[in-house]
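The chain contents come next:
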Amino acid sequence: MPQKRGKPSYAKKDAVWGYLFVLPAMILIAVWIIYPMIFAFRLSFMNFKYLTPEKARYVGFANYIRAFSDDTFKKALTNTFKYSLIVVPVQTIISLLLALVCNSRIKGKTFFKVAYYIPSITSALAVGTMFKFLFNQQGIINRFLSNFGFHSVSWFEDPSYALPLCMIMAIWSSVGGGMILFLAGLQDIPSSVIEAAQVDGANGFQRFLKIILPLLRPTIFFAVVTGIIGTLQVFDQAYIVSRGSGGPLDSTMTVVLYIYNKGFRTTNANMGYPSALAFLLFAIIFTLTLIQKKFFDKGAESY
Amino acid sequence: MKIYKKIIMHLILALGAFIMVLPFLWMITTSLKPLKLTYDSPYIFPKSFEFSNYITAWKSADFLSFYKNSIFVSICITLGTVVLSAMAAYPFARLNFTGKNFWFYAFLGTMMIPFYVEVIPLYKIIEKIGWLDTRRALIIPRLFSPFGIFLLRQYFLTIPKELDEAAEIDGASKFYTFWKIILPLSKPALASLTIFSFIFGWNDFLWPLLVTTRPEYTTVQVGISNFSGKYGTLWPYLMAGTVTSIVPVIIIFLLGQKQFIEGLTVGGIKE
């Protein structure tokens, strides 16, 4: 059935203007996002040596299969998951608690918001440099701990501490952003709902568990999903801590750092392999996001 | 009981704020220490004021040139992102045309494509067109921001439609409406996108690390990274360099923190 349009001339005008306005963005997407994406996908099925591009040939799934027997990649994947598994819950819980405290009637709210947020706008490079100095062999943390009889540790050179320190850096620099997100979520909860619960005699903890938490569900979902997506792509922290090598003993090797190493730090690298690794990580992140969406949607139905 | 609770809450927040600020304070204090006393008597607030550390750091690594590059690149990224995002956001918020929803979701969908997936081909493209070691390479591939488009579209939607309808009855063109009505009314959202893009441009690390190798195109972030590789143990100098690397971002954030914090929460969840 032909659609009736009230003012066809307007609709046409809208279309012309609409595409005209969107065109620059479309060109940028096509050139800098879609084309590289397709290029990367093709590369991932190729043996493409950097210095001998003329010898490039398709190798099917060989690059993907290679990943499964690559011990460094497995190590990088394990590190990245460990990192994500600890950073996301800890940063979410701390940000939520800070937001709850900050949302009550307290003085200097703006000051706290700004103070907590400043680490989030500070570059990972600067954060890395600060923490390297704090946790230096002769640094202030070791000095402090020596008061309690601990031996000084060279934290960033020790394979068992380097990754946890990356986690601490990430948590330290991200709780402020999470706090602001949760504050916005808390402010959307009508105060009448909370007052009603108060009248019914619910104590603070019950109100939190039965009212605030369920109503914050979309915000928590958003924080967890973006947290997982962000942490699985960790690069800057690991780079600064290890100067790009992923050391000591690959303990700070993350997937993106490994992609970088395989793509740009190996002479005459096969660019197909890191491309395949990138798509593997993308597939993992994509699947995890879908699973979480299912999980959260299901939970929402029961209310 | 109530006052007791209040004091505890303030204490928790103050302790947290102290943990947040301590590394910065420690960095500033160290940057002002004489080199010989790097590890001497750990005082938190600066006692010595060796400003010459800053001069030494800036001279030994050409921070002036890093700074110029970063400022130029960040300003270009900011202007480009804001203009292009506003242009793309306007039709998505206001006009009706076939394919509108498709394109909007296509734009949003690109948020899911991580940068590291494209980074190898992007590098190859930049190399092929001869843009390695140019400022263009640092700017042009970074102008498209689905976040910016989404943020501005959400804001444009809150502006009453009657305003543009009235203008249209008076014979205003779409461009006029966009320029003279929508944009002036969207200052808070434009301000938050401006701050956001500037900070993004300033802090970007992986991309400048890849596409620039010559010192005259090095940005502050890559400069600091190289500097710490070379002078890693000369902490007061390294700290002086690092302090100067974060000053612009902190100033811009403090100037616009209200808009920035509000802007961050508009785009996120209230779909």
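Rules and cut-offs
Residues numbered from 1 in each chain as written. Chains lettered and ligands numbered in written order. Predicted model: local features only at pLDDT ≥ 70, side-chain atom pairs only at ≥ 80, totals over all residues. Heavy atoms only, no water. UniProt positions renumbered as here; feature names shortened; annotations may be inferred. Helix = DSSP H or I, 4+ residues; strand = E, 2+ residues; numbered from the N terminus. Buried < 20%, exposed > 50% of the residue type's maximum accessible area, 1.4 Å probe, protein only. Core = buried A, V, L, I, M, F, W, Y, C linked by side-chain atoms within 4.5 Å. Domains from an automatic or database assignment. Contact = heavy atoms within 4.5 Å.

For chain B, the name recorded in an unreviewed UniProt entry is Multiple sugar transport system permease protein, with Caloramator quimbayensis as its organism. Taken directly from UniProt, the Subcellular location (unreviewed entry) text for chain B runs: "Cell membrane". As its UniProt record puts it under Sequence similarities (unreviewed entry), chain B is described as follows: "Belongs to the binding-protein-dependent transport system permease family."

The name an unreviewed UniProt entry gives chain A is Carbohydrate ABC transporter membrane protein 1, CUT1 family, with Caloramator quimbayensis as the organism. Taken verbatim from the UniProt record of chain A, the Sequence similarities (unreviewed entry) comment is "Belongs to the binding-protein-dependent transport system permease family." According to UniProt, the comment filed for chain A under the heading Subcellular location (unreviewed entry) is "Cell membrane".

Student: Just give me the short version of unusual backbone geometry, but keep the residues and values in it.
Tutor: Residues and elements named next belong to chain A. In this structure, L249 takes a positive phi of about 50° despite not being glycine. Of note, L249 is situated in the loop between α11 (236–242) and α12 (255–264). The phi dihedral of D250 falls on the positive side, at around 60°, and the residue is not glycine. Within the secondary structure layout, D250 lies in the loop between α11 and α12. For D250, a relative accessible area of 27% translates into the label partly exposed.

Student: Could you give an account of the UniProt feature "domain: ABC transmembrane type-1" (unreviewed entry) in chain A, with specific residues and numbers?
Tutor: UniProt tags residues 77–292 of chain A as "domain: ABC transmembrane type-1" (unreviewed entry). Between the end C-alpha atoms of residues 77–292 of chain A the distance is 20 Å, and the span holds 75% helix and 0% strand.

Student: Before we move on, could you go through the nonpolar core and cite the residues and values that matter?
Tutor: F107, Y116 and F156 of chain B are the most contacted members of the largest nonpolar core, which has 177 residues in total. In terms of residue count, helix α7 (residues 159–187) of chain A provides more of this core than any other element does, 15 residues in total. Residues from two domains meet in this core; each of domain 1 (6–43) and domain 2 (62–301) of chain A gives at least three. Excluding residues that lie within four positions of it along the chain, F156 of chain B makes contacts with A86, A89, Y90, A93, R94, I182, L183 and S186 of chain B.

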